[in-house]
Every structure is written in structure tokens, then in C-alpha cells.
Amino acid sequence: MTKTLRTSKAVYTSVAIASLIASIALGWKSLCVLGGSQSPQALVDHAPALFGMPFAITAALTLVCCARALDPQAHVDFLGLRVRGAAATIVCWIVVFAVLTIAIRALW
């Protein structure tokens with residue numbers, strides 16, 4: 001039991017770190033490719049779509065993976081919705097992604 005608990009923590013931590021590195025690499029590559037071909041104003045106008053949404057996806061994944069690594073036996077009880085295990089991880093990811101998307105839309 002303890003060995004599988006450590007293994008799942010290591011997997012979730014690795015996924016969180018990999019998603020952060022992938023997000024940074026994707027943003028840097030997009031900036032390099034689009035920076036040379038587009039006007040700077042176009043990049044500023046469409047920054048939430050170009051950089052905000054990929055960042056929101058990976059940030060949501062990172063936050064949920066970190067939470068899952070800290071508490072592998074996750075369960076959610078919210079407004080009559082009761083889920084446990086992997087389903088709780090999916091519900092948490094949907095909620096975090098929705099909040100980040102709404103925040104990006106509100107600032108755009």
C-alpha cells in the first residue's frame with residue numbers, strides 16, 4: 001500500500017513538472033515563431049488566445065496534479081455531487097480550468 005502511494009505521488013509530481021515545462025516551451029516557441037511574422041500589436045491583441053488558454057490548461061493540470069500528489073485519496077462533496085478517486089481529479093480539473101478561462105475572458 002505504501003509503495004503504490006509513493007508511486008502515485010511520484011507520477012503526479014512528474015506530470016505536474018512536465019506540464020509546466022511544456023507550457024513554458026510552447027509559449028516560448030510560439031513567441032519566437034509569431035514574433036517574427038506578425039506585428040507586435042497583433043500579438044498584444046490576441047495574447048489571451050495565443051498564450052492564455054494553453055497556460056490555463058497546463059496550470060489547471062499542474063494544480064490538480066499537485067493536489068492529487070498531496071492527497072491521493074481525493075473526494076469531492078459539493079452541492080449534492082459526491083465523487084471519489086480519479087473522478088474527483090477530473091471534476092477538480094474542470095472547475096479549475098473553468099475559473100481560469102473565466103478570468104482570462106474577464107481580463108480580455
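The rules behind each value
The numbering scheme is per chain: residues are counted from 1 as the chain's sequence reads. Residue-level local features of this predicted model are given only where pLDDT is at least 70; pairs of side-chain atoms are given and counted only at 80 or more, and the full residue set underlies all totals for whole chains, interfaces and linings. Heavy atoms throughout the structure, all of them, feed into the side-chain values; hydrogens and water do not. Strands here are runs of E lasting at least two residues and helices are runs of H or I lasting at least four, both read from the DSSP assignment and numbered beginning at the N terminus. Exposure categories follow from relative accessible area, calculated using a 1.4 Å probe and restricted to protein chains: below 20% of the type maximum is buried, above 50% is exposed, and the middle band is partly exposed. Contact between two residues is taken to exist if any of their heavy atoms lie within 4.5 Å; hydrogens are not considered. By this rule, a helix spans an expected 1.5 Å times one less than how many residues it contains. Every axis in this analysis is a line fitted to C-alpha atoms, fitted for helices over the stretch in contact. Angles between the N-to-C directions lie between 0 and 180 degrees. Crossings are classed by handedness, with left-handed meaning an anticlockwise turn of the near helix from the far one by less than a right angle and right-handed meaning a clockwise turn. Just so you know the grouping, Ala, Val, Leu, Ile, Met, Phe, Trp, Tyr, Cys and Pro go in nonpolar, Asp, Glu, Lys and Arg go in charged, and all remaining residues, Gly too, go in polar. Per-residue confidence from the predictor is given as pLDDT, running between 0 and 100. Each reported salt bridge corresponds to a side-chain nitrogen of Lys or Arg within 4 Å of a carboxyl oxygen of Asp or Glu.

1. Let's talk about the environment of Phe51
Here is step 1: If you trace the backbone, Phe51 turns up in helix α3 (residues 47-70).
Here is step 2: Residue classification places Phe51 among the partly exposed residues on the basis of a relative accessible area of 25%.
Here is step 3: For the pair Phe51 and Ser23, spaced 28 residues apart in the sequence, the C-alpha separation amounts to 9.1 Å.
Here is step 4: When neighbours within four sequence positions are excluded, Phe51 is seen to be in contact with Gly27, Ser30 and Leu31.

2. Thoughts on α3
The α-helix winds at 3.6 residues per turn, so residues separated by three or four positions along the chain end up facing the same way.
Here is step 1: The end-to-end C-alpha distance of α3, which contains 24 residues, comes to 33 Å, matching closely the 34 Å that a straight helix rising 1.5 Å per residue would cover.
Here is step 2: Restricting attention to buried positions, one finds in α3 the residues Pro48, Gly52, Ala56, Thr58, Ala59, Ala60, Thr62, Val64, Cys65, Arg68 and Ala69.

3. Let's talk about the packing of α3 against helix α4 (residues 86-107)
Here is step 1: Between α3 and α4, the shortest axis-to-axis distance is 9 Å and the interhelical angle comes to 145°. As for how α3 packs across α4, the hand of that crossing is right-handed. Contact residues: Pro48, Gly52, Met53, Ala56, Ile57, Ala59, Ala60, Leu61, Leu63, Val64 and Arg68 in α3; Ala86, Thr89, Cys92, Trp93, Val96, Phe97, Leu100, Thr101 and Ile104 in α4.
Here is step 2: A class-by-class count of the residues in the contact of α3 with α4 yields 16 nonpolar, three polar and one charged.

4. A look at the confidence of the model for the chain
Here is step 1: Put simply, the chain has an average pLDDT of 75, and 83% of its residues get 70 or more.
Here is step 2: Within the chain, the lowest mean pLDDT, 71, falls on helix α2 (residues 40-45), and the highest, 83, falls on strand β2 (residues 81-84).

5. Notes on the pattern of salt bridges
Here is step 1: Inspection of every chain in the model, using the stated rule, returns one salt bridge.
Here is step 2: A salt bridge links Arg82 to Asp77; the nearest nitrogen and oxygen atoms lie 3.2 Å apart.

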